Amino acid sequence: MSLNIKRIIIAVIGLFFLGSLLIVGAIENNKRTLGKKAAIKVSATSKNCVDCHTVKNPSLVEQWRDSKHAIRGVACMDCHEAQKTDVDAWEHEGHSIAVIVSPKDCSKCHARENQEFQESHHADAGKILGSLDNVLAEVVEGNTGRLGLDGNSPAAVNGCWQCHGSVVKIGKDGRPTPATWPNTGIGRINPDGSKGSCTACHSRHTFSPVVARQPDSCGKCHLGPDHPQKEIYEESKHGIAFKAFKEYMKLDVQPWRVGIEYTAAPTCATCHMSATQEQNVTHDVGRRISWNLRPPISEKIDAKAIKAGKLVESWEQRRKNMKNVCSKCHSEKYVDGFYVQFDSAINLYNEKYGMPSTKIIKMMKAGGVLTATAFDEELEWTYFYLWHHEGRRARHGAAMMAPDYTQWHGFFEVAERFYIHFVPQVKEACEKAIHESGEKMVAAKEVLKELDTILNKEEHKWFLGKMSGDEKASRNAAAEEFKKRYAQN
Amino acid sequence: MPKPKLSSLLDWTKERIPVDVQEWKSFTNEPVPNHLKHWWFALGGTPAILFGFQIVTGIFLLFYYVPTPTGAYDSITNITYEVRFGWYIRSLHKWSSELMIVTVMLHMTRVYFTGAYRNPRELNWMVGVVMLFVTFGLGFTGYSLIYDQLSYWAVMVGTEIAESTPLVGPLAADFIRGGPEISANTLTRLYIFHIVIFPAALAGLVVLHIIFVRLQGVTEFEFDHEKKLERKTFPLFPDHILTELLIAILILYILTMMTVFFPAGLGERANPLVTPNHIKPEWYFYASFKWLKLTNVYFGVLGQIAFAVVIFFWPFVDYFLIKWFPKTGMSIKIGFLGFSAYLVLTVWEAMT
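A tally of regular secondary structure across chain A gives 21 helices and four strands. Here chain A holds 489 residues, and the buried ones make up 34% of them. Contacts in chain A between residues far apart in sequence, at least 24 positions, make up 56% of those at least 6 positions apart.

So, in structure tokens, the structure goes:
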């Protein structure tokens with residue numbers, strides 16, 4: 001081959017090479033136009049949304065770009081597109097869209113997750129809207145009239161509803177009303193009739209499992225004086241380990257099984273929802289809970305359904321489900337031992353405080369010793385604090401191994417509330433009623449008699465100064481032993 | 001009359017760099033035999049060109065790569081998806097490495113079947129064999145740095161194989177891993193091997209390889225049609241250099257098209273707790289992997305070490321073969337069997 005031919009060939013191949021570099025440049029350019037992720041493909045219908053909202057709400061679009069949805073080609077219109085007949089449909093840039101993406105919309109792709117969620121207690125969180133707590137927000141704390149927002153109490157709108165969910169109402173313009181939206185309460189009642197809000201845990205628009213698996217996600221609602229699960233978790237060894245080893249938690253991997261993908265610590269999701277080698281992930285958060293620790297008197301989680309004649313998973317099976325998770329880090333005996341301790345705490349609360357106080361209050365309400373109006377008397381507040389705040393703290397503290405919540409924020413305050421506030425207030429209200437004639441007087445006497453029976457029970461006798469000789473002796477012996485051991489005088 | 005500026009500049013330079021241009025020309029324009037006009041004989045320069053590409057693209061990748069277990073995968077994700085032209089550079093590096101191994105093997109095949117390793121070029125063959133192993137080392141360590149599932153588990157299997165080597169195995173495996181198990185130390189070591197030790201060794205060996213070639217000259221062949229030619233040689237520069245340039249540009253073109261159609265991918269993040277269903281090394285280790293699967297680990301490793309030793313000392317083995325079996329073409333037959341076995345094992349592993 002002559003030199004000249006060689007040179008010509010070099011020139012030709014060189015041109016080809018330059019041409020190929022143009023293709024490389026075009027690919028790079030295309031990537032930049034569509035977003036940072038190479039794999040992101042936006043459908044033609046969603047391209048306009050992306051282009052416009054990139055300018056108007058850049059972070060919103062960027063968060064979506066970081067999502068698995070974006071990588072898999074699920075874009076704006078796949079979730080927000082609405083039928084013209086939908087109650088919440090409105091015209092936007094030539095498309096019929098809806099603002100709210102309900103669990104029903106998500107179920108187009110995530111059917112199993114939606115099914116599980118609909119069967120969960122979370123989906124029914126909106127039921128609170130008819131409960132005693134709601135009387136507080138609507139009436140006691142707030143106002144639905146002069147100071148209300150479209151006939152709703154601002155206390156409920158900004159407080160209760162943001163966790164429990166609003167009943168979303170649609171205005172004349174097809175958009176949700178400001179009183180009921182924005183809202184990501186987990187039991188939201190959506191315009192399409194479906195219950196719930198996936199974004200309550202899977203924050204939009206990244207929908208990252210990292211967020212949903214964070215204890216902080218649950219902590220948006222499960223914290224505070226009445227159900228401090230988040231703080232309880234943080235006090236427990238579980239929470240301590242999570243904080244220490246968060247970087248090893250692989251919160252973004254799929255599947256995410258304790259003992260396989262990660263071993264460092266459990267989060268709320270680990271125990272209540274996530275998969276193990278034997279169990280699938282579940283969006284029914286009650287599948288591993290054996291006690292209902294919310295009501296004034298705790299009961300097994302299936303009790304209500306059994307009373308209503310409904311067939312549900314038994315509490316024994318649910319406990320087995322939870323034990324399966326525990327077993328990934330703890331031995332069988334250890335887990336069994338924990339449940340013996342936990343059950344004993346719930347039994348103590350129920351028998352010593354929950355049942356007696358509830359019985360007394362019911363008798364007083366029925367006999368007219370207390371008025372029919374909720375929260376208009378100090379005793380009602382005392383009782384509410386007893387079971388709704390302190391009683392739950394003691395129970396939840398025991399459920400999730402937080403000793404301080406069980407003791408000082410829990411049983412200590414329950415006892416103080418019972419002996420120092422509840423008992424004197426019951427006596428005071430009854431004595432007041434006795435001075436009045438009629439049914440009230442009879443009922444008050446009955447209540448006092450019942451209170452006397454309660455206080456004369458073995459666990460309360462100390463309050464009347466009636467501790468048995470044996471018990472006194474054993475307490476003194478214990479005190480002596482303690483002094484001796486720690487060389488105290 | 002004042003001297004022209006260019007001429008005075010040349011004088012200035014010549015004073016400080018006293019190299020005779022004519023001597024330099026004789027070095028670069030050294031005549032090379034006619035047979036080098038055949039493309040087949042230009043294969044030796046190809047891996048060198050690719051090695052050059054690897055150094056350039058490798059340096060670019062180093063700007064972004066983070067050699068820690070927590071940072072490695074993320075930095076490669078960053079290179080692949082975020083960094084401007086990162087995917088192109090990474091894909092070039094990947095395809096260039098694979099092509100480098102192909103061309104090294106082709107060059108070796110050519111040298112083997114033309115008997116170019118024979119007296120007096122035995123030592124250069126041995127240098128070449130070491131270069132082959134270093135190239136494999138570069139491939140293995142480079143693949144390991146990605147830190148996705150397959151890459152991580154390839155290291156796991158690789159170090160376990162090393163561990164099963166008799167006598168030195170456990171020590172070697174501990175040395176590679178930087179401890180009894182794969183950890184941050186392992187990644188650091190693989191990284192140092194990939195970016196410093198192996199490239200430096202290969203660069204040194206390339207120089208040595210070329211020095212040997214220059215000292216001994218390339219093996220001279222004469223094809224039938226060349227026998228009639230009056231000029232038995234042609235100049236290295238520009239003739240042969242142009243050939244190499246042509247090859248270089250052609251390779252760049254092919255590599256770029258490969259990156260366009262088959263950009264380097266990225267698997268799931270490495271997870272030490274989950275063994276993937278199918279652990280596979282890079283294709284050039286398929287034969288070795290299959291061989292290990294077919295035999296027991298002990299025999300498998302020993303067999304491969306023996307194979308490597310035989311290849312390394314082949315010019316001397318060949319000497320005895322010729323002495324004991326004259327005129328049988330025994331070396332060609334054995335070579336044919338050896339290369340066929342490698343191909344069969346590779347294809348077999350690829351299909352399973």
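So that's the structure; there's more coming.
In this section: the overall build of chain B. If you tally the helices and strands in chain B, you get 15 helices and two strands. Every one of the 352 residues in chain B was classed for burial, and the buried ones make up 30%. Counted over contacts in chain B with a minimum sequence separation of 6, partners at least 24 positions apart contribute 80%.

With that settled, the discussion passes to the nonpolar core. Counting residues in each nonpolar core, the largest one holds 58 residues, and the members touching the most others are Ile360, Met364, Val369, Tyr383, Leu386, Val426 and Val447 of chain A. Contributions of two or more residues to this core are made by α12 (229-235), α14 (268-272), α16 (315-326), α17 (332-366), α18 (378-399), α19 (403-434) and α20 (439-455) of chain A. Ranked by the residues each element gives to this core, the list is headed by α19 of chain A, at nine residues. The contacts of Met364 of chain A, once residues within four sequence positions are left out, are Val369, Leu370, Ala429 and Val447 of chain A. Counting residues in hydrophobic clusters, the runner-up holds 52 residues, among them Tyr88, Tyr112, Leu145 and Tyr147 of chain B.

Another aspect to go through is the packing of helix α6 (residues 122-144) of chain B against helix α9 (residues 184-216) of chain B. Residue and element names in this part refer to chain B. As a packed pair, α6 and α9 sit with axes 9 Å apart at the nearest point and diverge in direction by 160°. It follows from the interaxial angle that α6 and α9 lie roughly antiparallel. α9 is crossed by α6, and the crossing has left-handed handedness. Residue composition of the contact of α6 with α9, grouped by class: 15 nonpolar, nine polar and no charged.

This part covers unusual backbone geometry. Trans is the prevailing form of peptide bonds, just as negative phi is the prevailing case for residues other than glycine. In this structure, the amide linkage connecting Arg204 of chain A to the following residue, His205 of chain A, adopts the cis form with an omega of -5°. With respect to the helices and strands, the residue His205 of chain A is situated in the loop between α9 (154-164) and α10 (209-212). Between Gln254 of chain A and the following residue, Pro255 of chain A, the backbone shows a cis peptide bond with an omega angle of -5°. Examined against the element boundaries, Pro255 of chain A turns out to sit in the loop between α13 (237-245) and α14. The backbone phi angle of Tyr147 of chain B is positive, close to 65°, even though this residue is not glycine.

We now examine the interface of chain B and chain A. Taken residue by residue, the interface counts 26 residues in chain B and 22 residues in chain A. Put simply, the parts of the chain that give the side of chain B that touches chain A at least two residues each are α4 (72-82), α5 (86-113) and α11 (236-261) of chain B. With 14 residues, the top contributor of residues to the side of chain B that touches chain A is α11 of chain B.

Moving on, we get to helix α1 (residues 5-16) of chain B. Between the first and last C-alpha of α1 of chain B there are 17 Å, a value that for twelve residues agrees with the 16 Å anticipated at 1.5 Å per step. Counting buried residues in α1 of chain B gives zero out of twelve residues, a small share hidden from the surface.

Let us now look at helix α21 (residues 469-485) of chain A. Residue and element names in this part refer to chain A. The end-to-end C-alpha separation of α21 is 24 Å, in line with the 24 Å expected for 17 residues at 1.5 Å each. When you tally the buried positions in α21, you get zero out of 17 residues, a small fraction of the element. After α21 finishes, the residue Ala487 shows a positive phi value of roughly 50°.

Moving on, we come to the confidence of the model for chain A. Confidence in the prediction for chain A averages 92 pLDDT; 97% of positions are at 70 or higher. Mean pLDDT per element in chain A: helix α1 (residues 3-34) of chain A is the minimum at 80, and α17 of chain A is the maximum at 98.

The next subject is the environment of Phe113 of chain B. Residue and element names in this part refer to chain B. Assignment of secondary structure puts Phe113 in helix α5. Note on Phe113: 13 C-beta atoms within 10 Å, which makes it partly exposed. Not counting the four nearest positions on each side in its chain, Phe113 is found in contact with Ile332 and Gly335.

Residue and element names in this part refer to chain B. Relative to the helices and strands, Glu181 resides in the loop between α8 (169-177) and α9. Exposure remark for Glu181: the 13 C-beta atoms within 10 Å place this residue in the partly exposed category. Taking C-alpha positions, Glu181 is 9.2 Å from Thr159, a pair spaced 22 residues apart along the chain.

What follows concerns the packing of helix α2 (residues 44-56) of chain A against helix α3 (residues 58-65) of chain A. Residues and elements named next belong to chain A. With their axes 6 Å apart at the nearest point, α2 and α3 run at an angle of 130° to one another. When the axes of α2 and α3 are compared, the pair comes out oblique. Contact residues: α2 offers Val50, His53 and Thr54, while α3 offers Pro58, Leu60 and Val61. Split into classes, the residues belonging to the contact of α2 with α3 amount to four nonpolar, two polar and no charged.

This brings us to the environment of Gly239 of chain A. All names here are of chain A. Among the structural elements, Gly239 can be located in helix α13. On the neighbour-count criterion, Gly239 (22 C-beta atoms within 10 Å) is buried. Those residues in contact with Gly239 that sit more than four places away from it in its chain are Pro215, Tyr233 and Glu234.

Definitions and limits used
- Residues numbered from 1 in each chain as written.
- Chains lettered and ligands numbered in written order.
- Predicted model: local features only at pLDDT ≥ 70, side-chain atom pairs only at ≥ 80, totals over all residues.
- Helix = DSSP H or I, 4+ residues; strand = E, 2+ residues; numbered from the N terminus.
- Buried ≥ 20, exposed ≤ 12 C-beta atoms within 10 Å, placed from the backbone.
- Contact = placed C-beta atoms within 7 Å.
- Core = buried A, V, L, I, M, F, W, Y, C linked by C-beta atoms within 7 Å.
- Axes fitted to C-alpha atoms, helices over the stretch in contact; angles between N-to-C directions.
- Parallel < 35°, antiparallel > 145°, perpendicular 65-115°, else oblique.
- Left-handed = near helix turned anticlockwise from the far one by under 90°.
- Nonpolar A, V, L, I, M, F, W, Y, C, P; charged D, E, K, R; others polar.
- Expected span 1.5 Å × (residues − 1).
- pLDDT = per-residue confidence, 0-100.

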